[in-house]
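# Working through the structure, step by step
Given next are the chains, with one letter for each unit.
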Amino acid sequence: MGVSAHATGAAMRYSTSGVADTPGRPFDLEVWRSTVARTVVPLEIEELGDVTFQGRLSRTVVEDVSLFEMVATPHMVRRTPDLIADDEPRFYKLSLQLAGSMVLEQDGRTAELRPGDLAIYDTHRPYTLAFPEANQAMVIMFPHELVDLPRDEVARVTATCFPSDAGLARVINPFFVELGRNMDQLAGPHATRLVHSGLDLLVTMLSQELHRRLGPVANPARSLAREVREYILDHLGDLDLTPASLARAHFISTRHLYTIFSAEGQTVSAWIRSRRLERIRRDLGDPLFADRPVSWVAGRWGLSDAAHFSRLFKAEFGESPTSYRERILGARRGRAAEIPQQSPPR
């Protein structure tokens, strides 16, 4: 996948009219800082050049995924180590450039994004964003748990530009462009399915890039770990998916299997359980399965003991599966709105 090539002419079709004019009174720098800290993550933000900062920000929330449209004058953003707390939630951010340009730095890499390009970065590690001109971008912020890839592998493709004219990005980037243009349509339970479909596309693109970089023999141990995880994802619904069956399927000992996952800071059983619960949660909020019993949805992903599943779900998500389903399918969770100005705390 050619992530270094970039044809400006092709990408500029996403910005035929320049930076969009969004409604509402623009934020000044002080209010922008406090609003971003409150709705995104704490950041150091400063003006670039001699242009007085102005920015507009709107947000759509779909369960635990936040989508932002940002329009601003030139500025610099820094997420420094001092701003990152060990116990804070861990998120990835996908940034899609819609107009203007952005330079992203993280993990020793630098990516320059033009209109139509996207990149991913991690809020739990330092990063820098430079917007040298008036710009417009869509940012999607989502928990690490929604990505079926180990954190150390995602860290290999942060600050990597996926240009709109190369590889899978030809198909995937336009999806996110249209998502950004139609954020006001992300309302109700169908929004959850749409947003998660977008994240699945993103994971597909990241996985392809990882395969391209690492190759099948670059690191045999890492390659085996990747094969095991992919096997798990393909067999989550199997009732007999256990560490023992996994080890047999890959002709390794269970001890070797445990070693693979312990190197990533978790057990194989915990990884299987978390993936199953996330798939179940997604299906419980999907109108497509609204007429199916909760027990059927859980059994679809390999958890057939209703009482055990209910305890696991509540421990993981803080509410029973039935309450979760009623809340998601009965409410209009997604909403797009101009974020009101709020004076910074004193």
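Going by the structure above, here's the rest.
The following paragraphs examine the structure supplied in this document. Numbers given for residues are sequential positions, taken from 1 along each chain in its written order. The model is predicted, so local features are restricted to residues of pLDDT at least 70 and side-chain atom pairs to those at 80 or more, both for listing and for counting; the totals for chains, interfaces and linings are taken over all residues. Computation of side-chain values covers all heavy atoms of the structure but excludes hydrogens and water.

## A closer look at the overall build of the protein
Each helix is a run of H or I in the DSSP string that is no shorter than four residues. Each strand is a run of E no shorter than two, and both are numbered from the N terminus. In terms of helices and strands, the protein carries twelve helices and eleven strands. Note on exposure labels: buried denotes an accessible area under 20% of the residue type's maximum, exposed denotes more than 50%, and partly exposed covers the range between, all computed with a 1.4 Å probe on protein chains only. Buried positions account for 52% of the 346 residues belonging to the protein. Here, residues are in contact when the closest pair of their heavy atoms is within 4.5 Å. Counting contacts in the protein only where the partners sit at least 6 residues apart, residues at least 24 apart contribute 75% of the total.

## Looking at the side chain of Gln136
By the element assignment, Gln136 lies in strand β10 (residues 135-143). The buried category is assigned to Gln136, whose relative accessible area is 7%. Polar contacts, as counted here, are pairs of nitrogen or oxygen atoms within 3.5 Å of one another; within protein the pair requires one atom able to donate a hydrogen and one able to accept it, and residues that are adjacent in sequence qualify only if both atoms are side-chain atoms. Separated by 2.6 Å, the side chains of Gln136 and Glu69 make a polar contact.

## Some thoughts on the sheet that holds strand β6 (residues 102-106)
Taken in spatial order, the five strands make up an open sheet running β1-β4-β9-β6-β7, and their pairing is antiparallel. The sheet is open, and its two borders are formed by β1 (44-47) and β7 (109-113), each paired with just one other strand. The sheet shows a mean angle of 15 degrees between the axes of neighbouring strands, taken without regard to direction. A pair of strands is treated as paired once DSSP finds two or more bridges between them. With axes taken as lines fitted to C-alpha atoms, and helix axes fitted only over the stretch in contact, angles between N-to-C directions fall between 0 and 180 degrees.

## Some thoughts on helix α9 (residues 268-284)
To estimate the expected span of a helix, count its residues, drop one, and scale the result by 1.5 Å. Between its first and last C-alpha, α9 extends 24 Å over 17 residues, near the 24 Å set by a 1.5 Å rise per residue. Among the 17 residues that make up α9, 13 are buried, leaving the element largely enclosed by the rest of the structure.

## Observations regarding unusual backbone geometry
We note that Glu63 has phi near 55 degrees; this positive angle belongs to a residue other than glycine. Mapped onto the secondary structure, Glu63 falls in the loop between β2 (55-62) and β3 (65-72). Glu63 gets classed as buried once you look at its relative accessible area, which sits at 13%. You will see that Phe251, though not glycine, has its phi angle at about 55 degrees, which is positive. Of note, Phe251 is situated in the loop between α7 (243-249) and α8 (254-262). Judged by its relative accessible area of 78%, Phe251 falls in the exposed class.

## Let's talk about the pattern of salt bridges
The salt bridge criterion pairs a side-chain nitrogen of Lys or Arg with a carboxyl oxygen of Asp or Glu, the two atoms within 4 Å. Taken as a whole and assessed by the stated rule, the structure comprises 17 salt bridges. Note that Glu153 and Arg229 form a salt bridge whose closest N and O atoms lie 2.9 Å from each other. With Glu153 in helix α3 (residues 151-154) and Arg229 in helix α6 (residues 220-234), this residue pair connects regions lying 76 residues apart in the sequence. Across this residue pair, the class does not change: Glu153 and Arg229 are buried. Notably, a salt bridge pairs Arg212 with Glu209, separated by 2.8 Å at the nearest N-O pair. Of this pair, Arg212 and Glu209 are both found in helix α5 (residues 189-214), three residues apart, which corresponds to roughly one turn of the helix. On the accessibility criterion, Arg212 (42% relative accessible area) is partly exposed.

None of the figures reported here should be taken as evidence of function without further support.
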